[in-house]
Amino acid sequence: MLLIRGGRVIDPQNGVDEQLSLFVKDGKIVDLFPDAGQHKHNLAGARIINAEGCLVVPGLIDMHVHLREPGHEYKETIETGCRAAAAGGFTSVACMPNTSPVNDNQAVTEYILDRAAKSGCVNVYPVGAITAGLKGEFLAPMGELREAGAVAVSDDGKTVKNSELMRRAMEYAKNFSLPVICHCEDTDLVGNGAMNEGCTSMRIGLKGIPNAAEDIIVAREVSLSELTGCRVHIAHVSTKGSVDIIREAKSRGVNVTAETAPHYFTLSDESLETFDTHFKVNPPLRSARDVQSIKKGLKENVIDVIATDHAPHSSLEKDVEFDYAASGIVGLETALPLALRLVTEGVLTMRSLIEKCTVHPAQILGIPKGTLGRGCDADITIIDPSAAGRVDVSRFKSKSRNSPFNGWEVEGRARYTIVKGRVVEEGCAPG
Amino acid sequence: MPLRSKDLLTIEQLSVDEINLILDTADSMKEISSRDIKKVPTLRGKTVINLFYEPSTRTRTSFEIAGKRLSADVVNISTSSSSVSKGETLKDTGKNLQAMSPDLVVIRHSAAGAPKILADALPASIINAGDGAHQHPTQALLDAFTIREKKGTFEGLTVSIIGDISHSRVARSNVACLTRLGARVKVYGPFTMIPYFVEELGAAVAPSMEDAVADTDVIMMLRIQMERQSAFLFPSLREYSTFFGLNLERLKRAKKDVLIMHPGPVNRGVEIAPEVADGPYALILEQVANGVAVRMALLYLLIGK
């Protein structure tokens, strides 16, 4: 039993934003009531959490992470990835299928869920592959994946090159009510590009990736969604063009949603001037103009979700020449303070920010989370928005350290991360 | 140390005063190569390692001769004989070399930014002898030295760089160096090879080959890499040489005292006609000769005394 009192409860799903106490029993939310108000509950034996000065929100959901297990356990495991999630305030994560073996069948999905049940401290929702082996040749068995517990399909990390195959994938995914999550990059235009094509790439001589590489595929996925009626979710939006295409598609009623990651609204390609491989990510960090468009897209709800694309890599992949370095940033333990900056800057209201990390991803994935409704699972994050600290990668719970934000002074952190009524993390990174 | 940094990684890191110091020092070094006994004891007891991850004849030999004329011990490492093929990282290779106490490491590498990895990890001085499409600062300095010898000044000069600008570290370093010294720089080539935002470097894109050739004091032709034919950048070598090559016909419209330069190696008949490469205004071999003097100057300024 838990009694969380004194905090500002924000539950966008139920239109709640007020000072309330929250009573949890047997892993469920039993009741919300004014701190000084009357209630009918016997609180004897309940742990009391003082949430004064804090926000009490539905457990945050990161619908785009790479947990690396099975296959790349030296980078991350389901256990460490979940601990990183909890430290960052996330109570649920959806993990991408580019493991080894690829999550393109029931056995791998079951393995992930089994490992998560045994070693994971947060909820893990597997995303299955669109195509067998992520090879872009044949459909993966989506029915079997769904039955085993996959909540979406994606060839994340790769675009399904063949448009006919993508069309059929969308049609077939509808049979199983699976959203299709699209990684949008025209492979030929990307070539062996290492960063955004722009002034910085021109100056430092790294091969550039033009915005058009993303825009073209976003436009294709929108067209295919329109053709097939499939629910399409655009992963890690990084360009102004994508935001414009998605805005226009939504205005026509196309069934499309979108996410972006904290690095795309926080960093621009100028950061790559020093050849620091921690800034290498795919899609690449774009221009300052794109960063502004991403923020505008968040503000106007063109971009529905903030997801981290948590991509752990070891020094083996990062401590090498820029051209040879792997792309990816670990995001779980820095996402919350970076996202809170959007509120400080006036880009988002607190409610809107919480929506993008709770209600929206829950709706897109069709999972019963992201709410503090009575009777629902007690997945709760208690955020201290003013706690100041310095990002220190050596204290990350993740196995990997590949963050460009090391040493940043940030504000805001999760004080408590609660999954099904159990406190899985207290104190919480960073700082 | 007369230069602010222990390393030479880019032209951008140098002030105009530092560039002039290097060119002035090269002036006095040049004479040594014309002596009967081409050796001075300046760097006796110093060790220089040439670490070349890309094939090179000119630049590697130039550094080796520069070091030897100053009495440094020069060791050459090329990829075929190193542990690179065994999978060792650049940083580890650098640390292992450092354990043998070199004073300076010259590195050439196909990846932009690779010399910085060594510069950050090693106490030894690092000279960038070309990294990917990023920088080739010693080439730009020897080009500037050659132009200064002939023209005396950079003020009022226009330099045209023609060819594959996108993939050229020589172009990037030269634009930075020449504009810093007061020259105007124009670039031209197939627009598939002119990077967007090149104006941000201070270079103008010439409207035509005619303009690039006619209205300029120095023409710098860049080597076209044969393998790029397969990368959609131009239709054929024949078409390239017809529209972007420098031949005698085109040269008729150039200034009478135009200087013609090329960083080498030259593809005769592709970007430059043989009669032009061997003609009276071509400075290609003088560039090579000056390369030794400029590299002697840099070795001296970085690790002398």
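Residues numbered from 1 in each chain as written. Chains lettered and ligands numbered in written order. Predicted model: local features only at pLDDT ≥ 70, side-chain atom pairs only at ≥ 80, totals over all residues.

### Details of the nonpolar core
Side chains that are nonpolar tend, in soluble globular proteins, to be buried together. Judged by nonpolar contacts, the single largest core of 231 residues is most densely connected at A:Val153, A:Val180 and B:Leu299. Considering every element that reaches this core, the biggest residue donor is helix 11 (residues 284-303) of chain B, with ten residues. (Core = buried A, V, L, I, M, F, W, Y, C linked by C-beta atoms within 7 Å. Buried ≥ 20, exposed ≤ 12 C-beta atoms within 10 Å, placed from the backbone. Helix = DSSP H or I, 4+ residues; strand = E, 2+ residues; numbered from the N terminus.)

### Comments concerning the domain arrangement of chain B
Residue and element names in this part refer to chain B. One can read the domain layout of chain B as domain 1 (16-135 + 291-303) and domain 2 (137-287). The gap between the C-alpha centroids of domain 1 and domain 2 is 26 Å. Contacts between the two partners involve 19 residues from domain 1 and, on the opposite side, 17 residues from domain 2. Taken together, the elements giving at least two residues each to the side of domain 1 that touches domain 2 come down to helix 1 (16-30), strand 4 (125-131) and helix 11. For the side of domain 1 that touches domain 2, the class distribution of residues is ten nonpolar, six polar and three charged. (Domains from an automatic or database assignment. Contact = placed C-beta atoms within 7 Å. Nonpolar A, V, L, I, M, F, W, Y, C, P; charged D, E, K, R; others polar.)

### As for the pairing of strand 6 (residues 60-65) of chain A
Residue and element names in this part refer to chain A. Buried residues dominate strand 6, accounting for six of its six residues. Pairing of strand 6 with strand 7 (residues 90-95), which is carried by four bridges, proceeds in the parallel orientation. Within strand 7, the residue paired with Asp62 across the bridge is Val93. Once you follow strand 6 into helix 1 (residues 78-87) and on to strand 7, the crossover reads as right-handed. (Pairing = 2+ DSSP bridges. Right-handed = clockwise from strand over helix to strand, strands pointing away.)

### Remarks on the pairing of strand 3 (residues 28-33) of chain A
The two faces of the sheet receive side chains in turn, since in a regular strand these alternate between them. Residues and elements named next belong to chain A. For strand 2 (residues 16-25) and strand 3, the ladder comprises five bridges, and the chain directions are antiparallel. Bridge pairing links Val24 to Ile29 in strand 3. Adjacent in sequence and paired antiparallel, strand 2 and strand 3 are bridged by two residues, among which Asp26 carries a positive phi angle near 55°.

### What about the sheet that holds strand 7 of chain A?
All names here are of chain A. Read from one edge of the open sheet, eight strands run 6-7-8-9-10-13-14-15, paired in parallel fashion. Edge positions in the sheet fall to strand 6 and strand 15 (305-306), since each has one partner strand and no second. Both strand 9 (residues 152-154) and strand 10 (residues 180-182) contribute to a ladder of two bridges, which runs parallel. Among the inter-strand pairings, Val153 is bridged to a residue of strand 10, identified as Val180. In the packing of helix 1 onto the sheet, contacts are made with strand 6, strand 7 and strand 8 (123-128), and the angle to strand 7 comes to roughly 135°. Against the sheet, helix 8 (residues 240-251) engages strand 13 (232-234) and strand 14 (256-260), with an angle of about 150° to strand 14. (Axes fitted to C-alpha atoms, helices over the stretch in contact; angles between N-to-C directions.)

### Looking at the environment of B:Ser241
Residues and elements named next belong to chain B. Note on placement: Ser241 falls in helix 8 (residues 237-244). When the C-alpha atoms of Ser241 and Val270 are compared, they prove to be 4.8 Å apart, with 29 residues separating the residues in sequence. The contact partners of Ser241, leaving out residues within four places of it in the chain, are Gly269 and Val270.

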